[in-house]
Amino acid sequence: MTTRARKYIFVVGGVISGVGKGVATSAIAALLQAKGLRVTAVKIDPYINIDAGTMNPTEHGEVFVLEDGDETDQDMGNYERFLGVNLSRINYMTTGRVYQEVIRRERNLEYRGKNVEVVPDIPLEVIRRIEASAKKADADVTLIEVGGTVGEYQNVLFLEAARMMRIKHPGDIAIVMVSYLPIPSKVGEMKTKPTQHAARALNSVGLQADVIIARAEQPLDQKRKEKISLLCSVPANRVISAPDIESIYDAPINYAKDKLGEALTELLYGQPLKHDRSRLAAWEDFAKRRKHAAKKVHIAIVGKYFSSGEFVMSDVYISVIEALKFSAIAADAQVQISYIGSPQFEEGKNLEQLAKYDGILVPGGFGKNGVEGKINVIRYAREHGIPFFGICYGMQLAVVEYARHMLGWQNAHTAEIAPETTHPVIDIMPDQKALMQDKNYGGTMRLGTYPATLRKGTLVHAAYGRTQIKERHRHRFEVNPRFVAKLSEGGLVFSGTSPDARLMETVELPQAVHPYFVACQFHPEFLARPFAPHPLFSAFIAAALDHRAARSESPDATASKLSWQVTK
Ligand code: GLN
């Protein structure tokens, strides 16, 4: 394959955004990977922000952290999950990042005195990045997802890069447009006109779609397929029906049924490449296991970012949700997830409703809102023997909760909320303090992959089955080393630390005290994959299934579990 020219597929949006362009890109990538090709993916976000790290999650969704610490868009998470690879900084670009590099080079005299222009210098930098990511992955095919939709001012320079690449690499570029076909309720019929307009908008920037993916509530019928083909100048076999699906992981199989992989490889290689059956079968098997999972498990995610107006914003925790699904499927279970806003628990009210869940997960977060609610929830889970999994802020608040109620340090808090407290059990590290004083917020947390050492005989050690692990991080605060000895004496087990034992990476309670209480400072959700569920999520799901089974055997089990309650 390496002697072949590298191929590039641009994925652009037509009509409206939010119809699954990221999933389409990921699924096409997985489909081509199933043809034995080496595939990588690049995400382009048209905003000025250098990365997604400084954006409000309710507006932008989850910040997905890469191995190298880059804070990126949640689509990068989809690429990593679908492809089973680790991507890096070069696979993600924003308008801000591209301009920043061009300006840096200009200041360094790297343009040797010439006028530096928006066109062609900006698209040329975009192309340089795309080619660099292809080279880094030694990819046969690189997918480039251009954020937004055609016809917006914002992404014109990225489409210009696609146009210029077509000249530079004739025959090696394909353009896929993910469009949307509305079915207006009064009309009751699927409309192709917006797609026609989008195809024209693409023409007006010098590009022609090679493939149109027709997203809609329903499958595309033959009549509309032919209409789109004729009016948008795309052969009918390259107009792909993409109706709403139950699970995004069905997308590669659905595209395979429509022979999208054959159409794309024929376009790029002059002949359709055959599938590596076993790779496609892996997706089929995953879908089968998902549909036929026999057991049920009900998990509550308690966070603060759930509501935006009338809508539930589960996108903020998308990687956590996917990680729960993968581990549940591997355990032959369907996971039902309830999204619960923490502010309602602030006054210590409403906690009884938590008794019905098989497990409680408190994910990462920032700032003051809903914090006391989360602490109350953690206390409830601890005192009632409900399996608990805390991630990042979830771990920090578990330490605060334990310090307050088990060590009697009523003022215990994280310095993020109460910097003057007598017991800052979670504190900012000195290097982070300096950054804060300089108002240097962007990209300056403890970010990306760090190693940790797990203590033998602990729950985390049992979950991973080894003592050395590597996990991705995104936080500024840490367990304060000053209080570690006292907290340990008080019964909190620091089961994982940085290799130099300076930073606490995981905490847990002994099983004699609580059936499953585990929290980690890192974000394990970023490493969970459909075909490789994450050990900590799997251990949590297993504990939740046990808890459910125990309760259904004896309805009084919840009450008897109160005996775990350690009073002090
Ligand atoms: N706010 C906490 C910190 O900065 C936790 C961050 C997180 O949960 N990702 O350390």
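As a starting point, this report considers the structure included with it.

Conventions we followed
- Residues numbered from 1 in each chain as written.
- Predicted model: local features only at pLDDT ≥ 70, side-chain atom pairs only at ≥ 80, totals over all residues.
- Heavy atoms only, no water.
- Axes fitted to C-alpha atoms, helices over the stretch in contact; angles between N-to-C directions.
- Helix = DSSP H or I, 4+ residues; strand = E, 2+ residues; numbered from the N terminus.
- Parallel < 35°, antiparallel > 145°, perpendicular 65-115°, else oblique.
- Left-handed = near helix turned anticlockwise from the far one by under 90°.
- Contact = heavy atoms within 4.5 Å.
- Nonpolar A, V, L, I, M, F, W, Y, C, P; charged D, E, K, R; others polar.
- Phe/Tyr/Trp six-rings, centres within 6.5 Å; stacked < 30°, edge-to-face > 60°.
- Buried < 20%, exposed > 50% of the residue type's maximum accessible area, 1.4 Å probe, protein only.
- Lys NZ or Arg CZ within 6 Å of the ring centre and 35° of its normal.
- Pairing = 2+ DSSP bridges.
- Right-handed = clockwise from strand over helix to strand, strands pointing away.

### Points about the packing of helix α7 (residues 193–204) against helix α8 (residues 222–232)
The geometry of α7 relative to α8 is characterised by a closest axis approach of 10 Å and an angle of 25 degrees between their N-to-C directions. Judged by the inter-axis angle, α7 sits roughly parallel to α8. α7 and α8 meet at a crossing whose hand is right-handed. Here Thr-195, Gln-196, Ala-199 and Arg-200 of α7 lie close against α8, whose contacting residues are Lys-227, Ile-228, Leu-231 and Cys-232. When grouped by side-chain class, the residues that make up the contact of α7 with α8 number 4 nonpolar, 2 polar and 2 charged.

### Digging into the packing of aromatic side chains
This model, assessed by the stated rule, comprises 14 aromatic pairs. Ring geometry for Tyr-249 and Phe-286: centres 5.6 Å apart, planes at 80 degrees, overall edge-to-face. Placement of Tyr-249 in the loop between β9 (239–243) and α9 (251–257) and of Phe-286 in helix α11 (residues 277–292) is noted, with a sequence separation of 37 residues between them. There is no split in this pair, since Tyr-249 and Phe-286 are both buried. Taken together, Phe-82, Tyr-249, Trp-283, Phe-286, Phe-326 and Phe-531 form an aromatic cluster joined through their ring pairs. Sitting above the plane of the Tyr-450 ring, Arg-446 keeps its charged end 4.4 Å from the centroid.

### Comments concerning the pairing of β9
Put simply, side chains in a regular strand alternate between the two faces of the sheet. When you tally the buried positions in β9, you get 4 out of 5 residues, the bulk of the element. In this sheet, β9 lies alongside strand β8 (residues 211–216) in parallel orientation, the contact comprising 5 bridges. Bridging from a neighbouring strand, Ile-213 pairs with Ile-240 of β9. Chirality of the crossover, the property in question, places the unit of β8, α8 and β9 among those that are right-handed.

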